[in-house]
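Residues per chain, in single letters:
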Amino acid sequence: IFFSGNGPSGICLSYLLSGYTPYFKRHSLHPHPILQRKLEEAPEVSVLDQDLEYLSEGLEGRSHSPVALLFDTLQRPDTDFGGTAESVLTWWHEPDRAIPHLVLGRNPPGGAWHSIEGSMVTLSRGEWMGLPDLPFKDWLKQKRRGLRNNRATAEDIAQYYQHYVMKKGLQKNFRCGTVVTSVRKVSAESISNHTQKDLQEDSDSLWSSSEQSTEVFQVDGFFKTVEGDKEPFSICAENVVLATGTYDNPTWLGVKGENLSYVHHQLSALEEAVKNSSVGIMSDPVLIVGAGLTAADAILFAHHCNIPVIHVFRRRVGDPGLIFNQLPKMMYPEYHKVHQMMKEQTAACAGPYECYISLPEHHVLSFGKDKKCILQDKNGCQKAYKISMALVLTGSNPNLSFLPNDGIDLAIDSDQPVNPKRNPIDVDPFTYECTQEKGLYALGPLAGDNFVRFVQGGALAVASSLLKKANTNPP
């Protein structure tokens, strides 16, 4: 089995496929009485071998995925009510149940968490960022650190994921610095005579089973050597798991001049500009486009560095769909501050915040070579602003260019590109296998699960499905 993407989804799945098996902890009590009764029916049978649809029936919570809610409530029974009840799972390492697999990713284990500025604080509570059987809080205590406002920094999260892979002995399954360029179905006969350039020493045991299948997936790509060279590889697998996340491909506005060198689509560009002093307190304003949390992070960063900002977004400040209107003020004081700035500091009425102007219900018409940007309001009035740089932070899409037709055929609406919020990949809710392509699975944001605490349920579903395929006589 091969999977593309080594973020939290990929790490959790590797753990479950390495023989680590969850059982209901005897004598433990889950606050959900119906789930408790179901768990007591067969405590000697691993959760992976049980009927996940039956166990998850009737559960409610902050995810649309029944299996995500199930695995989350088994690990953190009353967390949504502020409780700290212990997990009702106990983990056994059963090496004979392990399924050989390979996890490929560009970054070290942790995926896109290594690309996020280290001091950024997570949206989710710190304990929700943890993976099975190694609570994040316990790891943080070993570093003699605590959680700020119950939340963690991106640097801590990235280090924790790397530590997790080492601590659980999963590193043999991971190949970092790899880029997948193609995944396609081929007949087993066409590759049986082809010598595979494998990434793992014990390739005979790893891929011998593919001989039995009539069709397999051929995965092509390259990995970067220490010298910086690109070494190609081609491997075959009966099952492929897509766990690439969505950080790779920022959304563009599609306006004139957006490809000019001063227009950027990632927050890191602002951090870089501050480092090399190309923007500062005396610069023309930085234009920030977007009203999500990444745009808010950019505003906070600029505010901290006293850099002037013009903030443009399409929605009304009071729009209930705006993420700021959905966050508890006590838990997210810094985002509440940005929301206050957006309300109080519009161009129409100067407020208490220096170096910041909010332009709600505006959009960008064009970027000029002279660093002048044309904006338009809801009434069609246009105005030019001289800026030092622009950050377009309006979300991102997955990069699925390695799949036929960019993976569009796999989406719920097969006429539109895959989008984690509006058009995820269509998967079976209890196996996460793609409905349009058997043997292909999708995890995390690709399947519509956008929070670390909920991507793990997808990993449970995939592992359960793969174990049932491997074992024709389950318990």
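Per chain, residues are indexed from 1 in the order of the written sequence. Totals for whole chains, interfaces and linings use all residues, but because this is a predicted model, local features are given only for residues with pLDDT of at least 70 and pairs of side-chain atoms are given and counted only at 80 or more. Excluding hydrogens and water, the side-chain values take into account all heavy atoms of the structure.

Student: Please explain the overall build of the chain as it appears in this structure.
Tutor: Starting at the N terminus, helices and strands are each numbered in turn, a helix being any DSSP run of H or I of at least four residues and a strand any DSSP run of E of at least two. Secondary structure assignment for the chain yields twelve helices and 22 strands. Whether a residue is buried, partly exposed or exposed follows from its accessible area with a 1.4 Å probe, protein chains only, as a fraction of its type maximum: under 20%, in between, or over 50%, in that order. Scored against the burial criterion, the 475 residues of the chain give a buried share of 54%. Any pair of residues with heavy atoms lying within 4.5 Å of one another is described as a contacting pair. Considering only contacts in the chain between residues 6 or more positions apart, those separated by 24 or more positions represent 68%. In these tables, accessible area is a Shrake-Rupley quantity obtained with a 1.4 Å probe, and a residue counts as shielded only by the protein chains included in the view. Of the roughly 22300 Å² of accessible surface on the chain, 50% is carried by carbon and sulfur atoms.

Student: Sorry if this is basic, but what is going on with the sheet that holds strand β15 (residues 309-313) here?
Tutor: Working definition: the strands of a sheet are paired by backbone hydrogen bonds and lie parallel or antiparallel to each other. Think of it this way: DSSP has to see at least two bridges between two strands before they count as a pair. Reading across the sheet, the five strands line up as β13-β20-β14-β15-β16 and stay open at both edges, with parallel pairing between neighbours. In this open sheet, the two edge strands, each paired with only one partner strand, are β13 (263-264) and β16 (356-360). Pairing geometry for strand β14 (residues 286-289) and β15, over four bridges, is parallel. Across the sheet, Ile 288 pairs through a bridge with His 311, a residue of β15.

Student: Help me out: how do you make sense of helix α10 (residues 293-304) in this one?
Tutor: Because each turn of an α-helix spans 3.6 residues, side chains separated by three or four positions in sequence point in the same direction. When the terminal C-alpha atoms of α10 are compared, their 16 Å separation across twelve residues agrees well with the 16 Å that a helix rising 1.5 Å per residue should span. Within the sequence span of α10, burial applies to Leu 293, Ala 295, Ala 296, Asp 297, Ala 298, Ile 299, Phe 301 and Ala 302. Take the number of residues in a helix, subtract one, and multiply by 1.5 Å to get its expected span.

Student: Help me understand the confidence of the model for the chain in this model?
Tutor: When pLDDT is low, close inspection of the predicted coordinates is not appropriate. The quantity known as pLDDT measures the predictor's confidence residue by residue, on a range of 0 to 100. Per-residue confidence for the chain averages 85 on the pLDDT scale, and 85% of its residues sit at or above 70. Throughout residues 195-211 the model reports pLDDT below 50, and contacts reaching past four residues in sequence, or to other chains, amount to 39 contacts.

Student: What is the right way to look at the sheet that holds strand β8 (residues 178-187) in this model?
Tutor: With antiparallel pairing, the three strands of this open sheet are ordered in space as β8-β9-β10. Looking along the sheet, the strands with just one partner apiece sit at the ends: β8 and β10 (230-237). Pairs of neighbouring strands in the sheet enclose a mean axial angle of 20 degrees, with direction left out of account. Pairing geometry for β8 and strand β9 (residues 215-224), over nine bridges, is antiparallel. Note on β9: the bridge partner recorded for Val 183 is Val 219. Axis angles are defined between N-to-C directions and span 0 to 180 degrees, where every axis is a line fitted to C-alpha atoms and, for a helix, only to the segment in contact.

Student: What is the right way to look at unusual backbone geometry in this model?
Tutor: The backbone of Lys 371 sits at a positive phi, close to 65 degrees, despite the residue not being glycine. Checked against the element boundaries, Lys 371 lands in the loop between β17 (362-367) and β18 (372-377). A positive phi angle, near 55 degrees, is found at Asn 405, a position not held by glycine. On the accessibility criterion, Asn 405 (46% relative accessible area) is partly exposed.

Student: Help me understand a negative patch on the surface in this model?
Tutor: Like charges are joined within 9 Å and nonpolar side chains (Val, Leu, Ile, Met, Phe, Trp, Tyr) within 5 Å, but only among residues with over 30% relative accessible area and no salt bridge; these make up the patches. In the sections that follow, a salt bridge refers to a side-chain nitrogen of Lys or Arg positioned within 4 Å of a carboxyl oxygen of Asp or Glu. Charge convention: Lys and Arg are scored as positive, Asp and Glu as negative, and His as well as the terminal groups of each chain are ignored. Here the site of a charge means NZ on Lys, CZ on Arg, CG on Asp, or CD on Glu. Taken together, the side chains of Asp 51, Glu 53, Glu 57 and Asp 428 make up a negatively charged region of the molecular surface. Examined against the element boundaries, Glu 57 turns out to sit in the loop between α3 (52-56) and α4 (66-75).

Student: Help me understand the nonpolar core, please; the structure alone is not making it clear to me.
Tutor: Nonpolar side chains tend toward joint burial in soluble globular proteins. For the purposes of this section, nonpolar cores are sets of buried Ala, Val, Leu, Ile, Met, Phe, Trp, Tyr and Cys residues that join through side-chain atoms within 4.5 Å. Grouped together as the largest cluster of nonpolar side chains are 81 residues, with contacts concentrated most on Phe 2, Leu 13, Val 183, Leu 242 and Ile 425. Ranked by size, the runner-up nonpolar core spans 31 residues in total, among them Ala 298, Ile 299, Phe 313 and Val 338.

Student: What exactly am I supposed to notice about the pattern of salt bridges here?
Tutor: Should their charged atoms come close, side chains of opposite charge can pair. Per the counting criterion, the structure on display carries twelve salt bridges. Between Glu 215 and Lys 185 there is a salt bridge, with the nearest N and O atoms lying 3.9 Å from each other. Here Glu 215 is found in strand β9, whereas its partner Lys 185 is found in strand β8, with 30 residues between them in sequence. Classification of Glu 215 as partly exposed rests on a relative accessible area of 43%. Among the residues examined, Lys 185 registers a relative accessible area of 28% and is labelled partly exposed. Across the pair Lys 386 and Asp 284 runs a salt bridge whose closest N-O atoms are separated by 3.8 Å.

Student: Help me out: how do you make sense of the packing of helix α1 (residues 8-17) against helix α6 (residues 154-167) in this one?
Tutor: The packing of two helices is summarised by the inter-axis angle and the distance between the axes. In the contact formed by α1 and α6, the axes pass within 11 Å of each other and the chain directions differ by 15 degrees. Looking at the two axes, α1 sits roughly parallel to α6. Crossing handedness for the pair α1 and α6: left-handed. Note on element contacts: α6 touches α1 through Tyr 161, Tyr 164 and Val 165, opposite Pro 8, Ile 11 and Tyr 15. Here the angle decides the label: under 35 degrees means roughly parallel, over 145 means roughly antiparallel, 65 to 115 means roughly perpendicular, and every other value means oblique. Each crossing gets its hand from how the near helix is turned against the far one by less than a right angle, where anticlockwise is left-handed and clockwise is right-handed.

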